[in-house]
Each structure stands twice: as C-alpha cells, then as structure tokens.
Amino acid sequence: MSAHFSARMALFLVLAGCSVFALQAADGRSSTDSYVITATRTLQKLEDTLSSVTIIDREDIERSQARTLDELLAGVEGVAVARQGGIGQPTSVYVRGGESDHVLWIIDGVRIGSVTTGIPALQDLPLDSVERVEIVRGARSSLYGADAMGGVVHIFTRRGAEANRSLRVTAGSNGARQLALGQGFGDESAWVDLQASHLETDGINACLGLPFPPGGGCFTSEPDRDPYRNTSVNLGAGYRFDGGTTLEAYAQRAKARVSFDSSFLNQSDLVNQVAGVKLVSEPTPGWRSTLTVGRSWDESTSFSASASFTSVFNSSRDTVTWQNEWRVGEGNFLIGADFLKDRVDSDISYARSSRDNLAAFAQYAFGFGSQDLALAARLDDNEQFGSNATGSVAWGVRLSDGLQAYASVGSAFKAPSFNELYYPGFSNPNLSPERALTTEIGLKQRLPWGRWSVSAYRSDVDDLIAFDVATFLPQNVSKASLGGVEGAIEWQRGPWRISQTFGWLSA
C-alpha cells in the first residue's frame with residue numbers, strides 16, 4: 001500500500017516546521033561558486049538558474065551531523081518530511097504540498113524508487129556515500145517526464161580521490177551506534193572510491209497502540225522497542241581517456257532490517273540497490289554527448305516475529321538516457337531520449353507486472369542583453385497511458401547588484417503507481433494520470449555577505465489521485481490547487497554561517 005499522506009497532511013507538516021534555523025562553523029569557502037546540473041540537465045551557475053534550487057554538498061552534510069537523508073532534507077525550504085516512528089521507519093518527503101510520489105528521485109542519473117508504492121525507501125539510503133544533493137522545486141516533467149510533478153531530488157555519490165579518506169564512529173541514546181569508513185584512490189584521469197557503513201539502533205516504540213480513532217493507527221498494542229540496522233556499500237570508478245572522453249561505473253547496495261508495530265506483520269527486510277554506467281564524450285568541439293545506462297532495485301520482505309507468514313514486494317527500474325548538448329549562437333541546445341522499464345515481482349497477484357516508457361525531450365536556453373529565456377518540451381509514450389506531451393517556459397532578468405527576477409510556467413503529468421492501479425482490494429484500475437500546470441515567480445540575489453531568495457508558486461492539478469476514506473479506494477479528484485510562498489536567507493562571515501528558511505502553503 002502507498003505510504004504517502006494527503007496534500008492536507010503535507011500542509012500541516014510544512015506549517016508546523018516551516019522555519020529552520022542553523023548556525024554552523026564553516027571553512028571559509030565562498031558560497032557564491034555553486035553550480036547545478038539538475039535544473040536544466042546541463043551545468044550552470046546556481047545564480048543563473050530560472051527555478052528554485054537548493055544545493056547540499058559534502059561539507060554541508062558533515063556540518064549538519066544528519067544521520068539519514070530525511071534528516072538532511074528536513075531543513076530545506078518547501079520540503080516536509082514525515083517519518084512513521086524512529087530512525088529506519090517508513091519515511092515520506094513532500095515538496096510544496098504535493099504527494100510524496102510527485103517527486104522524482106535520481107542517483108547518479110538512474111531513477112530509483114519502488115514501482116508499487118511510487119516512492120523510494122529514503123530511510124535506507126546511505127548518507128555516507130553522498131557527495132552532493134540537488135533539490136529542484138516545481139514541475140520538471142518537460143525535462144524528466146512522469147514523477148517530476150513537484151520536483152526532482154538528484155543524489156550524486158562520492159567520487160574517488162586521495163583526499164576522500166574518512167572514518168567515523170558514532171554512539172548515542174537508544175543504543176544507536178554507527179561505523180562508517182571510506183577510501184578514495186586516483187586523480188583526475190583515473191579514480192576509484194569505496195564507502196561502507198553500518199548503522200544500528202535499539203529504536204523506540206514506533207506506535208503507542210492507542211485506540212483507533214483517535215490515535216495510534218497500528219491496530220495493536222506492542223509496547224516494545226522497534227530496532228533498526230542498515231549495512232551499505234558504495235563503489236565507484238572512472239577513467240578519463242585522451243581527448244576528454246570519460247567512462248564511469250558505480251554501484252550501491254543497502255540492506256536493512258526494521259521492526260515495527262502491527263497486528264499482522266512486524267518486521268521487514270529491505271534491500272535497495274542501484275548500478276549504472278555513464279559515458280561522456282565530445283565528438284566535436286561544442287558538442288557534448290552523455291549516455292547513461294542503469295538499473296535500480298527495491299526489495300521488501302515483511303514477516304511476523306514467528307516467520308509463519310511473509311509478504312514480498314520486489315521491483316526494478318531500468319533506465320537508458322542519451323543526452324546531447326550544443327552551443328548554438330548565444331544559447332545552448334539540448335536534445336535527448338529516455339527509456340524506462342518498470343517491473344514488479346510480488347507474492348500478491350497484480351493484473352499487470354510491467355510497463356515501459358519511451359520519451360524524447362529538447363531544450364533551448366539563451367540570453368539577450370540582461371535577460372534569459374529557456375524553452376523545453378517533452379513527449380512521453382507510455383505503454384499503458386499513451387502519449388503525454390509537456391512543456392515549460394522560463395524567463396529571467398538580471399537587475400542591479402546581483403539581483404535576478406524570474407518567472408516560469410510548466411505542465412506535468414504523473415502515471416498512477418502499480419499499487420494504486422492493481423493492489424487487491426485497495427486499488428482502482430480506472431484511474432487516469434494526474435496532470436498539472438505550475439506557475440512560479442521569484443527573486444534571488446547574491447551579495448558579499450551571502451545570498452537570499454523568495455518565490456511564490458501555484459499548481460493547478462487535474463485528476464489528483466487521493467484516497468477515498470468512504471470506499472477505501474484511490475480516486476481521481478477533478479480539481480486541486482496548491483499554492484504558497486517560500487524563501488531562504490544565508491549569511492556567512494569568516495568561519496560562521498547562519499541560514500534561515502520559511503514557507504507558507506495553502507493546499
């Protein structure tokens with residue numbers, strides 16, 4: 001069953017935790033030299049993007065002392081995190097009031113996540129192997145297709161270098177302990193990186209077992225601790241040939257066991273894996289070609305303490321992307337193709353166990369004077385739901401003293417998950433894809449002491465998929481509206497940095 005909550009719950013979560021304050025000792029590096037890839041699928045300066053973007057690099061991760069990815073993302077503007085208990089319990093991330101499956105998750109260019117629930121097991125992704133996280137808020141279907149209705153989170157794993165040598169030992173309350181180590185080898189021409197970690201905790205009582213309603217929701221009373229353990233390994237390697245062609249390969253595996261409170265099943269073994277190969281070349285000056293091939297696996301086996309009954313949900317996603325960039329006149333032209341194959345293997349009988357999606361996309365971004373314009377379009381041919389066309393237009397103008405104003409409008413669509421369509425007794429095979437039109441205006445500025453940004457947005461969603469409590473089935477809601485304002489300010493002086501985020505959401 002899908003673990004995501006309604007947009008109304010996301011509204012509560014954002015309003016309850018809309019302000020995050022951080023005071024961190026920094027290393028004195030400039031916060032003005034940031035580059036981002038995910039916003040346009042091409043490399044550009046953060047200040048030049050025509051969208052709302054947050055970058056979290058390795059130094060940010062280490063200063064935050066976050067143990068898990070969801071803890072790291074909890075302080076990002078426009079993002080709400082819900083965890084059903086202590087560390088390791090099922091976790092959902094909501095962007096701008098949308099559903100948790102409105103966010104596309106990528107690791108090193110490969111799509112991840114369960115095709116049954118529509119979301120990845122975020123609580124199990126190893127944070128020690130992460131070099132950088134880019135969070136793009138707003139519809140991105142014109143470049144990434146389905147799943148990117150609310151935004152994209154792209155995780156880049158660590159790249160081997162002699163300086164990447166680390167050892168971390170952690171101990172805390174509730175029997176928490178962690179050992180993480182990593183070693184990088186090589187230089188800019190050839191590199192290998194290995195990261196490994198083990199996290200374990202005795203946990204807390206995940207559910208108080210109160211009557212339902214008004215609280216609890218686990219339909220049982222199990223006043224015990226719910227432990228969690230996770231062992232992960234990440235391996236990456238690359239080689240740069242004469243002429244600039246680069247070949248990279250990477251693989252990640254995280255295996256976890258979590259206990260929870262339930263009247264039926266109360267333990268789960270989970271395995272999350274991703275592997276891929278990327279080839280980057282420049283056939284001619286000004287032409288950059290990138291081919292990415294990868295697969296992600298999401299495997300879950302739930303059972304009772306006596307192991308007398310099990311429930312298995314395994315899924316995989318195959319990704320192939322060919323992307324080409326050219327410098328054309330005063331702008332950059334991007335054209336590419338995506339292929340995605342989703343499969344589900346379960347002891348539950350699904351009416352359909354696989355589907356594929358073939359897509360072509362293009363973008364032209366150019367500047368004239370103090371203004372910038374980006375046009376993007378994409379056509380997806382979904383095996384189950386046919387052709388879906390999306391597009392976006394973004395405009396920006398550079399004002400005085402590093403101040404930039406921007407505005408954008410983009411369409412998006414989202415195909416229902418396998419659970420929403422076919423899970424026995426709790427599904428609706430007649431569901432239609434969700435469609436949205438998102439508009440956004442914003443201001444941002446880079447200053448000698450730091451940076452600030454503010455944006456207002458609105459998404460009008462047709463056929464939003466919501467759970468009907470009267471029928472216990474998912475249904476399409478004819479109209480839904482999500483709107484809000486979000487912002488951030490960062491001040492840095494010497495070794496100190498202060499950051500503040502805020503958000504207001506009406507869904």
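Here we look at the overall build of the chain
Summing up its helical and strand segments, the chain has five helices and 27 strands in all. Within the span of the chain, comprising 507 residues, buried residues form 51% of the whole. Counted over contacts in the chain with a minimum sequence separation of 6, partners at least 24 positions apart contribute 61%.

Observations regarding the packing of aromatic side chains
Counted by the stated rule, this structure contains ten aromatic pairs. Aromatic pair phenylalanine 418 and tyrosine 422: ring centres 6.3 Å apart, planes at 55 degrees, arrangement tilted. Separated by four residues within a single helix, phenylalanine 418 and tyrosine 422 lie in helix 5 (residues 418-422), roughly one turn from each other. With respect to burial, phenylalanine 418 and tyrosine 422 carry one shared label: buried.

What about the sheet that holds strand 9 (residues 130-137)?
Here we have five strands laid out as an open sheet, ordered 4-9-10-7-8, and mixed in their pairing. The two strands at the open ends of the sheet, each matched to only one other strand, are strand 4 (52-57) and strand 8 (110-111). Pairing of strand 4 with strand 9, which is carried by six bridges, proceeds in the antiparallel orientation. Residue pairing in the sheet places serine 52 in a bridge with arginine 137 of strand 9.

Describing the pattern of salt bridges
The full count for this structure, using the stated rule, is 33 salt bridges. With its nearest N and O atoms 2.9 Å apart, the salt bridge here joins arginine 132 to glutamate 134. Of the residues examined, glutamate 134 reaches a relative accessible area of 1% and is grouped as buried. Close ionic contact of aspartate 342 with arginine 317 constitutes a salt bridge, the shortest N to O distance being 2.9 Å. Of the two residues, aspartate 342 is situated in strand 19 (residues 331-346) and arginine 317 in strand 18 (residues 310-328); the sequence distance between them amounts to 25 residues. Take arginine 317: its relative accessible area is 7%, and that puts it in the buried class.

Structural notes on the nonpolar core
Of all hydrophobic cores here, the largest spans 25 residues; its most connected members are Leu69, Leu73, Trp105 and Val133. Secondary structure elements with two or more residues in this core: helix 3 (69-73), strand 6 (91-95), strand 7 (103-107), strand 9 and strand 10 (151-157). Within the second largest apolar cluster, ten residues are counted, among which are Val344, Leu421, Tyr422 and Ile465.

Some remarks on unusual backbone geometry
Backbone geometry follows two general trends: most residues other than glycine have a negative phi, and most peptide bonds adopt the trans configuration. Unusually for a residue other than glycine, arginine 41 sits at a positive phi of about 65 degrees. Following the sequence through the fold, arginine 41 ends up in the loop between strand 2 (35-36) and strand 3 (44-45). In this structure arginine 41 comes out as buried when scored by relative accessible area, which is 11%.

Brief notes about the pairing of strand 6
With five of five residues buried, strand 6 lies mostly within the body of the structure. Neither face of strand 6 is open: one carries Thr91, Val93 and Val95, the other Ser92 and Tyr94, and all of them are buried.

Focus: a nonpolar patch on the surface
Taken together, the side chains of Tyr239, Phe241, Leu247, Val277, Leu279, Leu291, Val293, Val320, Trp322, Phe339 and Leu358 make up a nonpolar region of the molecular surface, amounting to roughly 910 Å² of accessible area. Contributions of two or more residues to the nonpolar patch are made by strand 16 (267-281), strand 17 (287-303) and strand 18. Note that valine 293 resides in strand 17. The partly exposed category is assigned to valine 293, whose relative accessible area is 39%.

Focus: the environment of glycine 410
Relative to the helices and strands, glycine 410 is located in strand 23 (residues 403-414). What makes glycine 410 buried here is its relative accessible area of 8%. Separated by 49 residues in the primary sequence, glycine 410 and serine 459 place their C-alpha atoms 9.4 Å from one another. Each residue touching glycine 410, except ones within four places of it in the same chain, is listed here: Ala139, Gly391, Ser392, Ala436, Leu437 and Thr438.

Some remarks on the pairing of strand 7
In terms of burial, strand 7 is a largely internal element, five of the five residues being buried. Going residue by residue along strand 7, you find Val103, Trp105 and Ile107 tucked away on one face and Leu104 and Ile106 tucked away on the opposite face as well. Bridge count between strand 7 and strand 8: two bridges; the pairing is antiparallel. Looking at the pairing, isoleucine 106 lines up with arginine 111 of strand 8. The turn joining strand 7 and strand 8, which pair antiparallel and follow one another in sequence, is formed by two residues; a positive phi near 50 degrees is taken by aspartate 108.

Overview of the confidence of the model for the chain
Caution is warranted with low-pLDDT regions, since their predicted coordinates should not be read in detail. When pLDDT is averaged along the chain, the result is 87; 90% of the residues meet or exceed 70. Contacts for the low-pLDDT stretch residues 1-32, under 50 throughout, to residues beyond four places or in other chains number 87 contacts.

Section: the environment of aspartate 338
On the secondary structure map, aspartate 338 appears in strand 19. The spacing of aspartate 338 and glycine 145 is 193 residues in sequence and 9.0 Å in space, taken between C-alpha atoms. With near-sequence residues (within four places) excluded, aspartate 338 lies in contact with Arg41, Arg111, Leu143, Val320, Thr321, Asn357, Leu358, Ala359, Phe361 and Arg378. Of note is the side chain of aspartate 338, whose polar atom sits 2.6 Å from the side chain of threonine 321.

A closer look at the side chain of serine 455
Its location among the elements puts serine 455 in strand 25 (residues 450-468). Here serine 52 takes part through its side chain, which lies 3.4 Å from a polar atom of the side chain of serine 455. Excluding residues that lie within four positions of it along the chain, serine 455 makes contacts with Ser52, Arg96, Tyr406, Glu440, Ile441, Gly442, Gly484, Val485 and Glu486.

Conventions we followed
Residues numbered from 1 in each chain as written. Predicted model: local features only at pLDDT ≥ 70, side-chain atom pairs only at ≥ 80, totals over all residues. Heavy atoms only, no water. Helix = DSSP H or I, 4+ residues; strand = E, 2+ residues; numbered from the N terminus. Buried < 20%, exposed > 50% of the residue type's maximum accessible area, 1.4 Å probe, protein only. Contact = heavy atoms within 4.5 Å. Phe/Tyr/Trp six-rings, centres within 6.5 Å; stacked < 30°, edge-to-face > 60°. Pairing = 2+ DSSP bridges. Salt bridge = Lys/Arg side-chain N within 4 Å of Asp/Glu carboxyl O. Core = buried A, V, L, I, M, F, W, Y, C linked by side-chain atoms within 4.5 Å. Patch = residues over 30% accessible without salt bridge, like charges linked within 9 Å, V, L, I, M, F, W, Y side chains within 5 Å. Areas by Shrake-Rupley, 256 points an atom, 1.4 Å probe, with all protein chains shown as cover. pLDDT = per-residue confidence, 0-100. Polar contact = N/O pair within 3.5 Å; in protein donor to acceptor, adjacent residues only side chain to side chain.

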